[in-house]
Amino acid sequence: DLKRFVEQERGLPFLEDVQIQTMPSPEFTARVRAEFDAERDALVEQGKLLRALGLLPADLDPVEAQLDLLGDGVLGFYDPSTGELVVRRDSDGPLFRSVVVHELTHALDDQHFDLDRPELDQLGDDAAWAFLALVEGNARRVENAWLAQLTSAEQQQLFADQLALAGGQLSGMLSMPMVLPQILMSPYDYGHPFVERLLVDGQERLDATFDAPPSSSEQVLDHDVFERGEGPIAVATPPAEGPVITEGVLGDLM
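Criteria and cut-off values
Residues numbered from 1 in each chain as written. Predicted model: local features only at pLDDT ≥ 70, side-chain atom pairs only at ≥ 80, totals over all residues. Heavy atoms only, no water. Salt bridge = Lys/Arg side-chain N within 4 Å of Asp/Glu carboxyl O. Helix = DSSP H or I, 4+ residues; strand = E, 2+ residues; numbered from the N terminus. Buried < 20%, exposed > 50% of the residue type's maximum accessible area, 1.4 Å probe, protein only. Core = buried A, V, L, I, M, F, W, Y, C linked by side-chain atoms within 4.5 Å. Contact = heavy atoms within 4.5 Å. Phe/Tyr/Trp six-rings, centres within 6.5 Å; stacked < 30°, edge-to-face > 60°. Patch = residues over 30% accessible without salt bridge, like charges linked within 9 Å, V, L, I, M, F, W, Y side chains within 5 Å. Areas by Shrake-Rupley, 256 points an atom, 1.4 Å probe, with all protein chains shown as cover. Pairing = 2+ DSSP bridges. Axes fitted to C-alpha atoms, helices over the stretch in contact; angles between N-to-C directions.

Asker: How do you make sense of the pattern of salt bridges when you look at a structure like this?
Answerer: Here the idea is simple: oppositely charged side chains can pair when their charged atoms come close. Applying the stated rule across the entire model yields 12 salt bridges. Taking the shortest distance from any N to any O, the salt bridge between Asp17 and Lys3 comes out at 2.7 Å. With Asp17 in the loop between α1 (2-10) and β1 (20-23) and Lys3 in helix α1, this residue pair connects regions lying 14 residues apart in the sequence. Given the relative accessible area of 25%, Lys3 is considered partly exposed. For Glu227, the salt bridge is made with Arg205, and the minimal N-O distance between the two is 2.9 Å. Taken together, the residues span a long stretch of sequence, with Glu227 in helix α11 (residues 223-228) and Arg205 in helix α9 (residues 203-211) at a distance of 22 residues. Linked by salt bridges that have partners in common, Arg10, Asp109 and Asp207 make up one network.

Quick look at the structure:
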């Protein structure tokens, strides 16, 4: 039923079946931490930047802080490099099913447009974030459409499940700077309105954008910039007045 809903809302068919793997909470959390540990080097570099900007205290480990946050907050994931769809199964209620809908949207988009694009991470700019915003914004859109058709009783159960989840996350959220969850959620929060703007011009416009995605966070945050095709302007690297700890592009998001 959920696969049929995703196909109808997305406007595309699944090209092959998707196997959904469910895991109990402890096993799932360990799996998420193991998957995310591969991003450790990038998180260390991000931590240096956030400290330099005064957004993180010097004594906070950004890697462990984000791993703790993800361990509590992630309910499912789709890996486009392997085609695995894994969901934490604490119940079979509407919260669980909404996560399945979200991840199924990723799987469907991957079958049509290939979401595995590691080359974007090598560019040293925020093009990888811009593509992620497109991907997550579209999945959130489909998930929200599924949530909108829930019955009153299902909505009450959803609220109760979300409340229980939030209670488990509260202590961790209060113990870390808010910039970390804000950065983590930014592809969802900014990607959703970006995708809705695309759909004003129809399904074909959304599909075409997966083939020619935004090249910067500015194009996601300012849709008119994307429509005009205004890419980032190259600027010379300024001289450093001390040791260089990291370098690259901040982008409009940061």
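From this point, things continue past the structure.
Asker: Help me understand the nonpolar core, please; the structure alone is not making it clear to me.
Answerer: Within soluble globular proteins, side chains that are nonpolar tend to cluster in buried spots. Core analysis: the largest hydrophobic core is formed by 42 residues, its most contacted members being Leu104, Leu134 and Phe210. Listed by contribution, the elements that provide at least two residues to this core are α1, β3 (84-88), α5 (94-113), α6 (127-148), α7 (152-174), α8 (179-199) and α9. For this core, the element with the highest residue contribution is α6, accounting for 11 residues. The contact partners of Phe210, leaving out residues within four places of it in the chain, are Arg10, Asp109, Phe113, Leu115, Arg117, Phe131, Leu134, Val135 and Asn138.

Asker: Looking at this model, I keep getting lost on the environment of Thr237. Mind explaining?
Answerer: Secondary-structure assignment places Thr237 in the segment after α11. It is 8.9 Å that separates the C-alpha atoms of Thr237 and Glu247, two residues lying 10 residues apart in sequence.

Asker: Teacher, can you tell me more about the packing of aromatic side chains here?
Answerer: For any pair of aromatic rings, the description rests on two quantities: the centre-to-centre distance and the angle between the ring planes. According to the stated counting rule, one finds 4 aromatic pairs in the structure shown. Ring geometry for Phe194 versus Phe226: centroids 5.2 Å apart, planes at 70°, classification edge-to-face. In this pair, Phe194 is assigned in helix α8 and Phe226 in helix α11, connecting sequence segments 32 residues apart. Across the pair, Phe226 and Phe194 agree in class, each one buried.

Asker: What is the right way to look at a nonpolar patch on the surface in this model?
Answerer: Among the surface-exposed residues, Leu53, Leu55, Leu250 and Met254 lie close enough to one another that they form a single nonpolar patch of about 330 Å² accessible area. Along the polypeptide, Leu250 turns up in the segment after α11.

Asker: I'm lost on the sheet that holds strand β2 (residues 76-79) in this one. Help?
Answerer: Note on sheets: strands pair through backbone hydrogen bonds, and any given pair is parallel or antiparallel. Taken in spatial order, the 3 strands make up an open sheet running β1-β3-β2, and their pairing is mixed. Strands with a single pairing partner mark the edges of an open sheet, and in this sheet they are β1 and β2. Adjacent strand axes in the sheet meet at a mean angle of 20°, parallel and antiparallel pairs treated alike. Note: β1 against β3, 4 bridges, orientation parallel. Note on β3: the bridge partner recorded for Gln21 is Val86.

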